[in-house]
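# A structural walkthrough
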Amino acid sequence: MIVLGIESSCDETAAALVRDGREILASVVASQDEVHYRYGGVVPELASRRHMEAITPVVAEALDRAALPLSAVEGVAATQGPGLIGSLLVGFSFAKALAFARGIPCAGVNHLDAHVHALYLTPDPPGFPFVCLLVSGGHTGLYHVTSPRDLALMGQTRDDAAGEAFDKVAKMMGLGYPGGAVIERLAAEGDPERVRFTRAYLAAESFDFSFSGIKTAVGRHLAAHRNDPGCRMADVAAGFQEAVVEVLVRKLLRAAAVRKVAHVGLAGGVAANRRLRELLAAAAGREGFSVHLPPAALCGDNAAMVAAAGHHLLAVGRHIGWDADVFSRHR
Ligand code: KG4
Ligand code: ZN
C-alpha cells in the first residue's frame, strides 16, 4: 500500500510517500527555521500561516519526486497530535479533505509514535522487543516497544525535553534557534572535561529524566565566567553536551538491561547528535546490545515516519472519522 504522510505539528511542513511502511518513495521537508530564528523559538501563529502556504506545494513536490499521480495514493496519514493546535489543524484538515475527496482511508498518527517508526525505515530495523529513547524538542522518553503499534512508556522527562535544553542553552549563549546542531558544532571544538556539569540521574532505579538543573547550571556558569580570559564557549558547550548525552546513554542501556532486550534504538531530533550516537554505539557494543540509529534526515520532524506509522494503523483498519480532531498534549 502506498501511503501519503503529512506532518505539521510544529515548524516543519512535510509530506512523504511510503510503500508498505518500509520503502520511502519521496520525502519532502519544508523548514520554517528562517521564520522563527529571530524570535529565538517557534511563534505559533506564524507557524500555522507558513503551513497554510506550504502544504499544497509540499504535497505536490512529494508526488512529483516519487513520479506518482495522486491516484496512486491508497491511504493518507497525518499527525493528529501532540503539537501546536493551529499547525496540526493545517496538515490534519488537508489530509482529511484529500482522503474524503478521493474516497480513501485516513489515519491519525501520534507524533511520538511516528518518531519511533523512523527506525523501521532503515535498512536494519530493530527486532522486537527493543527499547527506544525518544529525544526531541518537545519530548524525552524511554519506550519498551513490542510491536509497531505497542509502545509502553518506561520513563520521561520531569521538566525540559533534551532538545529544549539544547535550545535554551544555545539561546543563553547567543547562538540562535534551533540550538541543537549549533551546540554540537561548537562542542566539537571544545574539551568536555574543562567545564564539568553535574549529571542528573535522579533516583538510581528511575527511568525519568530532568534537564532543567543543567540548564540553570550553564546559566550560572556563564554569568560568573563569561568574561574570564580562559572561558571558552566551546568548552562550555562540550561540557553541557557531554553531561546530557551521558545520562541519556546510561538510562537507555539500563532500561534495556532491565527489560532484557537485545536491541536499542534512538529517535527524535536530538538523535541526530553525533556525540550521542558515538557514545551509545561504544557503550552498547561493550555491553552486548545491538544499536539502531535512523539517518539524520529521519531523526528530525519528517512525514516518512508519519506515513510508516499510518501504514500500520490502516493495515488493521484503524482509520479516523471525518469529525476527528487534533490534540495538543500527549495522551
Ligand atoms: O524531533 P524534532 O525535529 O521536533 C520535535 O518533535 O520536537 O526535534 C527538534 C529538536 C530541537 O530541540 C533541536 O535543537 C534538536 O532536536 N536537535 C539537536 C540536534 N539536531 C536537532 N539536538 C542536539 N544535537 C543535534 N545535532
Ligand atoms: Zn518531532
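Residues numbered from 1 in each chain as written. Chains lettered and ligands numbered in written order. Predicted model: local features only at pLDDT ≥ 70, side-chain atom pairs only at ≥ 80, totals over all residues. Heavy atoms only, no water.

### Considering the nonpolar core
Core analysis: the biggest nonpolar cluster contains 50 residues, and Leu-142, Phe-240 and Leu-248 have the highest contact counts within it. Secondary-structure elements contributing two or more residues to this core are strand S6 (130-135), helix H5 (162-172), helix H6 (180-187), helix H7 (212-225), helix H8 (233-259), strand S9 (263-267) and helix H9 (274-287). The leading source of residues in this core is H8, at 15 residues. Excluding its chain neighbours within four sequence positions, the residues that come into contact with Leu-142 are Val-131, Cys-132, Leu-133, Ala-152, Leu-153, Met-154, Gly-155, Phe-207, Phe-209, Lys-251, Leu-252 and Ala-255. (Core = buried A, V, L, I, M, F, W, Y, C linked by side-chain atoms within 4.5 Å. Buried < 20%, exposed > 50% of the residue type's maximum accessible area, 1.4 Å probe, protein only. Helix = DSSP H or I, 4+ residues; strand = E, 2+ residues; numbered from the N terminus. Contact = heavy atoms within 4.5 Å.)

### Things to note about the side chain of Thr-122
Summarising the element assignment, Thr-122 is placed in the loop between helix H4 (111-117) and S6. At 2.7 Å, the side chain of Thr-122 forms a polar contact with the backbone oxygen of Leu-119. Excluding anything up to four places from it in sequence, Thr-122 contacts Arg-22, Leu-293, Pro-294 and Pro-295. (Polar contact = N/O pair within 3.5 Å; in protein donor to acceptor, adjacent residues only side chain to side chain.)

### Focus on the domain arrangement of the chain
Buried accessible area, meaning the area lost when the parts come together, often serves as the stated size of an interface. As assigned here, the chain comprises domain 1 (2-116 + 299-314) and domain 2 (127-293). For domain 1 versus domain 2, the distance between C-alpha centres works out to 27 Å. Contact residues are listed per partner, giving 15 residues for domain 1 and 20 residues for domain 2. When domain 1 packs against domain 2, close to 1400 Å² is buried across both sides, 71% of that on carbon and sulfur atoms. Taken together, the links from domain 1 to domain 2 amount to zero salt bridges. Our count for the domain 1 to domain 2 interface comes out at two residue pairs in polar contact (both at pLDDT 80 or more). The leading source of residues in the side of domain 1 that touches domain 2 is H4, at four residues. Along the lines of polarity and charge, the residues of the side of domain 1 that touches domain 2 split into seven nonpolar, five polar and three charged. (Domains from an automatic or database assignment. Buried area = accessible area lost by both parts, 1.4 Å probe. Salt bridge = Lys/Arg side-chain N within 4 Å of Asp/Glu carboxyl O. Nonpolar A, V, L, I, M, F, W, Y, C, P; charged D, E, K, R; others polar.)

### A closer look at the packing of aromatic side chains
Here the structure, examined in full by the defined rule, presents six aromatic pairs. With a centroid separation of 6.0 Å and 15 degrees between ring planes, the pair formed by Phe-209 and Phe-211 is classed as stacked. Like Phe-209, the residue Phe-211 is buried in the burial classification. One aromatic cluster is present, formed by Tyr-120, Phe-128 and Phe-130 through successive ring pairs. Sitting over the ring of Phe-209, Lys-251 keeps its end group 5.8 Å from the ring centre. (Phe/Tyr/Trp six-rings, centres within 6.5 Å; stacked < 30°, edge-to-face > 60°. Lys NZ or Arg CZ within 6 Å of the ring centre and 35° of its normal.)

### Some words on the side chain of Glu-242
Note on placement: Glu-242 falls in helix H8. Glu-242 has contacts with Pro-192, Arg-199, Arg-275 and Leu-279, leaving out every residue within four places of it along the chain.

### Notes on the site of ligand 1
If you check the shell around ligand 1, you find 19 residues, and the closest are Gly-137, Asp-167, Gly-180, Glu-184 and Gly-269. Between Glu-184 and ligand 1, the recorded distance is 2.6 Å, taken from a side-chain N or O atom to a nitrogen atom. Broken down by secondary-structure element, the contributors of at least two residues to the shell around ligand 1 are H4, H5 and H6. Looking at the shell around ligand 1 residue by residue, the classes come out as four nonpolar, 12 polar and three charged. Residue assignment places the shell around ligand 1 across two domains, with domain 1 (2-116 + 299-314) and domain 2 (127-293) each supplying three or more. (Near = heavy atom within 4 Å.)

### Thoughts on the sheet that holds strand S4 (residues 75-81)
The strand order S3-S2-S1-S4-S5 describes an open sheet built from five strands, whose pairing is mixed. Edge positions in the sheet fall to strand S3 (23-31) and strand S5 (106-110), since each has one partner strand and no second. Averaged over neighbouring strand pairs, the angle between their axes works out to 20 degrees when direction is ignored. With six bridges joining them, strand S1 (residues 2-7) and strand S2 (residues 12-19) adopt antiparallel strand pairing. (Pairing = 2+ DSSP bridges. Axes fitted to C-alpha atoms, helices over the stretch in contact; angles between N-to-C directions.)

### Some points on helix H3 (residues 85-102)
Residues lying three or four places apart along an α-helix face the same way, a consequence of the helix completing one turn every 3.6 residues. Taking 1.5 Å per residue as the helical rise, H3 with its 18 residues ought to reach 26 Å, and the 25 Å between its terminal C-alpha atoms agrees with that figure. When we look at burial in H3, the residues that qualify are Ser-87, Leu-88, Val-90, Gly-91, Phe-92, Ala-95, Lys-96, Leu-98 and Ala-99. At its buried positions, H3 is contacted by S1, helix H2 (44-66), S4 and S5. (Expected span 1.5 Å × (residues − 1).)

### Some details on the packing of H8 against H9
At a minimum axis distance of 10 Å, the contact between H8 and H9 shows a crossing angle of 35 degrees. Helix-helix and strand crossings are classified by hand; for H8 and H9 the assignment is right-handed. Listed contacts from H9 to Gln-241, Glu-242, Val-245, Glu-246, Leu-248, Val-249, Arg-250, Leu-252 and Leu-253 of H8 are Arg-275, Leu-276, Leu-279, Leu-280, Ala-283, Ala-284 and Glu-287. (Left-handed = near helix turned anticlockwise from the far one by under 90°.)

### A few points about unusual backbone geometry
For the peptide bond that leads from Gly-81 to Pro-82, omega is -10 degrees, which places it in the cis range. Summarising the element assignment, Pro-82 is placed in the loop between S4 and H3. Residues Phe-128 and Pro-129 are joined by a peptide bond in cis, for which omega reads -5 degrees. You will see that Ala-67, though not glycine, has its phi angle at about 55 degrees, which is positive. Along the chain, the position of Ala-67 falls in the loop between H2 and S4. Here Leu-202, not a glycine, exhibits a phi torsion of approximately 60 degrees, which is positive. Its place among the elements puts Leu-202 in the loop between H6 and H7.

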